[in-house]
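# Chain and residue survey
Single-letter residue listing:
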Amino acid sequence: LIEREEEVCIFYEKLSIQDSLNSNGDVELHSMEDEIRFLNIQLTEEKRQIERVRKDVPSKHEMESNLIKLQKELAMYQDKVQSLEKTLVNSLSENRSRLLGGDDPSFDELTKRIDEMELKLERKEEQLLEKDLISDQVTRLSDRINAKVMNGKQDTLTLAKKVNEMQGKVKDVTRKMMAVVSELSMQQANAMQLQQDAGDKQQFLELCHQRMEQGMAPSEEFEYEWLKIEYKESRYKQETKLKAKEAEEEEKHLLPGGVFTTAEPRPNAYIPDDDSGLPLPRPYGNMVPFKPSEPSAHMRHYRKPVIKPIEI
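Here the structure is a predicted model, which means the values were calculated and not measured. (Residues numbered from 1 in each chain as written. Predicted model: local features only at pLDDT ≥ 70, side-chain atom pairs only at ≥ 80, totals over all residues. Heavy atoms only, no water.)

### Describing the overall build of the protein
What counts, and what does not: Helix and strand definitions here come from DSSP, where helices need a minimum of 4 consecutive H or I residues and strands a minimum of 2 consecutive E residues; each element is numbered from the N-terminal end. Values of the radius of gyration come from C-alpha atoms, whereas the globule rule sets the reference at 2.2 Å times the count of residues to the power 0.38. The classification of residues rests on relative accessible area computed with a 1.4 Å probe and restricted to protein chains. Under 20% of the type maximum is buried, over 50% is exposed, and intermediate values are partly exposed. The contact definition used throughout considers only heavy atoms, calling two residues in contact when any of these lie within 4.5 Å. The Shrake-Rupley method, run with a 1.4 Å probe, gives the accessible areas here. Residue values count only the displayed protein chains as cover. Positive charges come from Lys and Arg, negative ones from Asp and Glu, while His and the chain ends are left out of the count. A charged residue contributes its charge at one atom only: NZ of Lys, CZ of Arg, CG of Asp or CD of Glu.
On a plain count of helices and strands, the protein comes out with four helices and two strands. Seen in sequence order, the protein has helices and strands lined up from the N terminus as α-α-α-α-β-β. Whereas a compact globule of 312 residues would reach a radius of gyration of roughly 20 Å, the protein reaches 69 Å, over 25% beyond that. Considering only C-alpha atoms, the protein reaches an extent of 225 × 60 × 50 Å along its principal axes. Considering the protein as a whole, with its 312 residues, one finds that 7% of them fall into the buried category. Across the protein, the fraction of contacts at a sequence separation of at least 24, relative to all contacts at a separation of at least 6, is 41%. Carbon and sulfur atoms provide 57% of the accessible area of the protein, an area that totals close to 29400 Å². Between the averaged position of the 48 positive side-chain charges in the protein and that of its 61 negative side-chain charges there is a distance of 7 Å.

### Section: a nonpolar patch on the surface
To keep it simple, the criterion reads: A patch is a set of surface residues, each over 30% in relative accessible area and not in a salt bridge, joined within 9 Å for like charges and within 5 Å for the nonpolar side chains Val, Leu, Ile, Met, Phe, Trp and Tyr. A pair is scored as a salt bridge if a Lys or Arg side-chain nitrogen falls within 4 Å of a carboxyl oxygen belonging to Asp or Glu.
Together, Trp 226, Leu 227 and Ile 229 line one region of the surface with nonpolar side chains, adding up to about 320 Å² of accessible area. Here Leu 227 is to be found in helix H4 (residues 220-252). The exposure class of Leu 227 is partly exposed, given its relative accessible area of 47%.

### As for the pattern of salt bridges
All chains considered together, the criterion is met by four salt bridges. For Arg 37, the salt bridge goes to Asp 34, with nearest N and O atoms at 2.7 Å. Here Arg 37 and its partner Asp 34 are both found in helix H1 (residues 2-56), three residues apart, which amounts to about one turn of the helix. With a closest N to O distance of 2.4 Å, Arg 48 and Glu 45 form a salt bridge. One end of the pair is Arg 48 and the other is Glu 45, both in helix H1 and three residues apart, which spans about a single turn.

### Concerning the side chain of Gln 18
Here Gln 18 shows up in helix H1. When neighbours within four sequence positions are excluded, Gln 18 is seen to be in contact with Met 166 and Val 170.

### A word on the packing of aromatic side chains
Operational definition: Side-chain rings of Phe, Tyr and Trp (the six-membered ring for Trp) are treated as a pair once their centres are within 6.5 Å; stacked means planes under 30 degrees apart, edge-to-face means over 60, and tilted covers the remaining angles.
As enumerated under the stated definition, the model contains one aromatic pair in all. Each ring, one from Phe 204 and one from Phe 222, has its centre 5.8 Å from the other, and the planes form 75°; the classification is edge-to-face. Here the residue Phe 204 occupies a position in helix H3 (residues 107-213), and Phe 222 occupies one in helix H4, the gap between them amounting to 18 residues. On the basis of relative accessible area, Phe 204 is assigned to the partly exposed category, the value being 33%. Residue classification places Phe 222 among the partly exposed residues on the basis of a relative accessible area of 42%.

### What to know about the nonpolar core
One broad trend across soluble globular proteins is that nonpolar side chains are buried collectively. How we decide: Among the buried residues, those of types Ala, Val, Leu, Ile, Met, Phe, Trp, Tyr and Cys that are joined through side-chain atoms within 4.5 Å form a nonpolar core.
Residues Val 8, Phe 11, Leu 15, Val 173, Met 177, Val 180 and Leu 184 constitute the largest nonpolar core, which totals seven residues. Taken together, the elements giving at least two residues each to this core come down to H1 and H3. Among the elements that make up this core, the one with the highest residue count is H3 (four residues). Among all residues touching Leu 15, those that are not within four sequence positions of it are Thr 174 and Met 177.

Dropping the structure here:
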């Protein structure tokens, strides 16, 4: 039991380590899921910006219609330019030149206006540079985000595989622990049963001592076993006596020549009753007395004879 408890403690430590690894993997998985969610949001925002820009761009049919319209206007203006060139070349036409109204600006005003235009141009160039920098930064960020997304997918796949492997290992360890716990419970049940049996045996032993002190048998079972042993011994003695008797009978039925017979021995000699000689057995010779055999079983079919009285 102590070894089983040590094994259970080791399994519990392994299970706690697996749980900590599993929790760490869950935390990393949640962080990766949050990052993927954030990247998906940014990706949807970029797609929305792209769609908005695409919607702002005119369609192909509108562009073609505008192109046709502009070509017509260009042809009209070209005709107008040709007509104006003809009037300009003709020196006899009255509408050859047209004086423009208004005043010409002075040199200071032109200088001032040029400075203002240069300032506006510099501001526009600065804004353009800023937008270029922002565009480059956005491009770098989008590239970085795409790279993170791709790496995140790979890391998520590897992490998912690791999590699956860890879950499989945890299930195996849990299954083994359940088997060990069930085996431990069985061993505990056996130990409790053995303890109960030991207590019953101790109580039975005390009861046997009490009965022996009273001059009785230790228990009824022991008494029954003792009687059984005595019966077996008596039966064995009877069987040995019977076997000895049968051996004696066999010796009686064994003839001197070594032939075994079951016939009863008949007397072949007699002791004379006269006083003239010694009491020694004498052979019968040819006149051996007849000894009738026992009646057979078929005699039961015959009635006994009724002896009639003799009348004189």
